[in-house]
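# Structural features, examined
Chain by chain, the residues run as shown.
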Amino acid sequence: MKQFIRRMSSDLASLRLKYMEKKDIFLEKDIEVKEPFHLFRKWLDDACKTPEILEPNAVCLATATKEGVPSSRFVLMKSVTETGFTFFTNYGSRKAKEINENPNVAMTFYWVPLRRQVRIEGKAEKVPTSDSEEYFHQRPRDSQIGALASPQSQTIPGRDYLDQIEAEIRQKLGPDGVVPLPNWGGYLVVPHRFEFWQGQSNRLHDRIQFRKTDDTTAVDNKSVFQGEKDWIYERLAP
């Protein structure tokens, strides 16, 4: 394994993953309902049925400060509705602080075995506390205690510090005590843009974008097409 890693890292330019063939191109006619949430659910369902994809709901979340300095990390998307995507985090974390300063976020799902990715842009807003509390207490008790013990994104003296806090919480609550909700909860990302990407081996990748319509949107039904539910769609060059 070490030899394999060294060979890869010393010859990155030659690494090439085989993508889809021309017979498998992604066409507009393949989109049964011309709005992004329906298509996303279809692709997510394909990802969930693919054994090689261990966490189909893992998504790279990008946030930025009020000055526009970006940061990104992977989170687990916990629900998708007609309104948007929900994930949960500590409200004292770096991502939460940046969202509070600048609610504009971006997310990217990448399902390698399917040669597909979905890019999403939108605004994040806190979900109601009651929703956060309901989900929090559905989690395994160890995860609840871990969330209560961890001052996420803050500097700590070492691993022993976390273990000590966890032990103190367990002693205080006992084996059956209800874990109180920490400074923790959900965010709903309400999208205004989706991009569905499917890789092609000839590099002419398929990219179909959906955008929310507004008064300035020009639909010519030649390159920009009217979709459903206030969405338009268009093909982007790879």
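Residues numbered from 1 in each chain as written. Predicted model: local features only at pLDDT ≥ 70, side-chain atom pairs only at ≥ 80, totals over all residues. Heavy atoms only, no water.

### So, the nonpolar core
The condition is simple: Residues belong to a common nonpolar core when they are buried Ala, Val, Leu, Ile, Met, Phe, Trp, Tyr or Cys residues joined through side-chain atoms within 4.5 Å. Each residue is assigned to one of three classes by its accessible area relative to the maximum for its type, calculated with a 1.4 Å probe on protein chains only: buried under 20%, partly exposed between the two thresholds, exposed over 50%. Counting from the N terminus, the helices are the DSSP runs of H or I reaching at least four residues and the strands are the DSSP runs of E reaching at least two.
Counting 35 residues, the largest nonpolar core has Phe40, Phe85, Trp111 and Phe194 as the members making the most contacts within it. Among the elements that make up this core, the one with the highest residue count is helix H2 (residues 36–48) (6 residues). If you look at the next biggest cluster of nonpolar residues, it comprises 10 residues, including Phe136, Ala147, Ala149 and Trp184.

### Re the side chain of Lys95
Cut-off, in case you're wondering: By the counting scheme adopted, Arg and Lys are positive, Glu and Asp are negative, and His together with the chain ends is not counted. Here, a salt bridge means any side-chain nitrogen of Lys or Arg that lies within 4 Å of a carboxyl oxygen of Asp or Glu. We define a polar contact as two N or O atoms separated by no more than 3.5 Å, with the added condition that, inside protein, one atom must be a possible hydrogen donor and the other a possible acceptor, whereas residues neighbouring each other in sequence contribute only through side-chain atom pairs. Any two residues whose heavy atoms approach within 4.5 Å are treated as being in contact.
Looking at the element boundaries, Lys95 is found in helix H3 (residues 94–101). Buried within the structure, Lys95 lacks any salt-bridge partner; Glu98 is the closest side chain of opposite charge, at an N-O distance of 9.4 Å. Of the polar contacts made by the side chain of Lys95, one reaches the side chain of Gln152; its length is 3.1 Å. Excluding residues that lie within four positions of it along the chain, Lys95 makes contacts with Leu61, Thr63, Arg73, Val75, Phe87, Thr89 and Gln152.

### Re the pattern of salt bridges
Enumeration over the complete set of coordinates arrives at 16 salt bridges. The closest approach of N and O atoms between Lys18 and Glu21, which form a salt bridge, is 2.5 Å. Taking relative accessible area as the criterion, Glu21 reaches 32% and is therefore assigned partly exposed. Lys42 is paired through a salt bridge with Glu32; the nearest N and O atoms lie 3.5 Å apart. Placement of Lys42 in helix H2 and of Glu32 in the loop between helix H1 (2–10) and H2 is noted, with a sequence separation of 10 residues between them. Here Lys42 falls in the partly exposed class, since its relative accessible area comes to 35%. Under the relative-accessibility criterion, Glu32 is labelled exposed at 58%.

### A look at the packing of helix H5 (residues 141–149) against helix H6 (residues 159–173)
The criterion, for reference: Only C-alpha atoms enter the line fits that serve as axes; for helices the fit covers just the stretch in contact. Angles between N-to-C directions range over 0 to 180 degrees. In these notes the angle categories are as follows: under 35 degrees is roughly parallel, over 145 is roughly antiparallel, 65 to 115 is roughly perpendicular, and the rest is oblique. When the near helix sits turned anticlockwise from the far one by under a right angle, the crossing is termed left-handed; a clockwise turn instead gives a right-handed crossing. Under the scheme applied, nonpolar residues are Ala, Val, Leu, Ile, Met, Phe, Trp, Tyr, Cys and Pro; charged residues are Asp, Glu, Lys and Arg; polar residues are all the others, including Gly.
H6 packs onto H5 with a crossing angle of 120° between their chain directions and a minimal axis gap of 9 Å. Classified by the angle their axes make, H5 and H6 are oblique. Of the two elements, H5 crosses H6, and the hand of that crossing is right-handed. When H5 is examined against H6, the residues Arg141, Asp142, Ile145, Leu148 and Ala149 are found in contact with a partner set consisting of Leu162, Ile165, Glu166, Ile169, Arg170 and Leu173. Here the contact of H5 with H6 is built from residues that sort into 7 nonpolar, no polar and 4 charged.

### Re the side chain of Glu35
Looking at the secondary structure, you find Glu35 in the loop between H1 and H2. Lys229 provides the closest opposite charge to the buried, salt-bridge-free Glu35, at an N-O distance of 4.4 Å. Within the local environment of Glu35, its side chain forms a polar contact with the backbone nitrogen of Phe37, the two atoms lying 3.0 Å apart. A distance of 3.0 Å separates a polar side-chain atom of Glu35 from the backbone nitrogen of His38. Those residues in contact with Glu35 that sit more than four places away from it in its chain are Glu82, Phe210, Glu228, Lys229 and Trp231.

### Topic: the packing of aromatic side chains
Condition: Think of it this way: a Phe, Tyr or Trp ring, Trp meaning its six-membered ring, pairs with another when their centres are within 6.5 Å, and the plane angle makes it stacked under 30 degrees, edge-to-face over 60, tilted otherwise. Two limits define a charge over a ring: the Lys NZ or Arg CZ must be within 6 Å of the ring centre, and within 35 degrees of the ring normal.
Enumeration over the complete set of coordinates arrives at 23 aromatic pairs. When the ring centre of Tyr91 is taken as origin, the NZ or CZ atom of Lys126, which lies over that ring, is 4.2 Å away.

The values are spatial; any link to function lies outside them.
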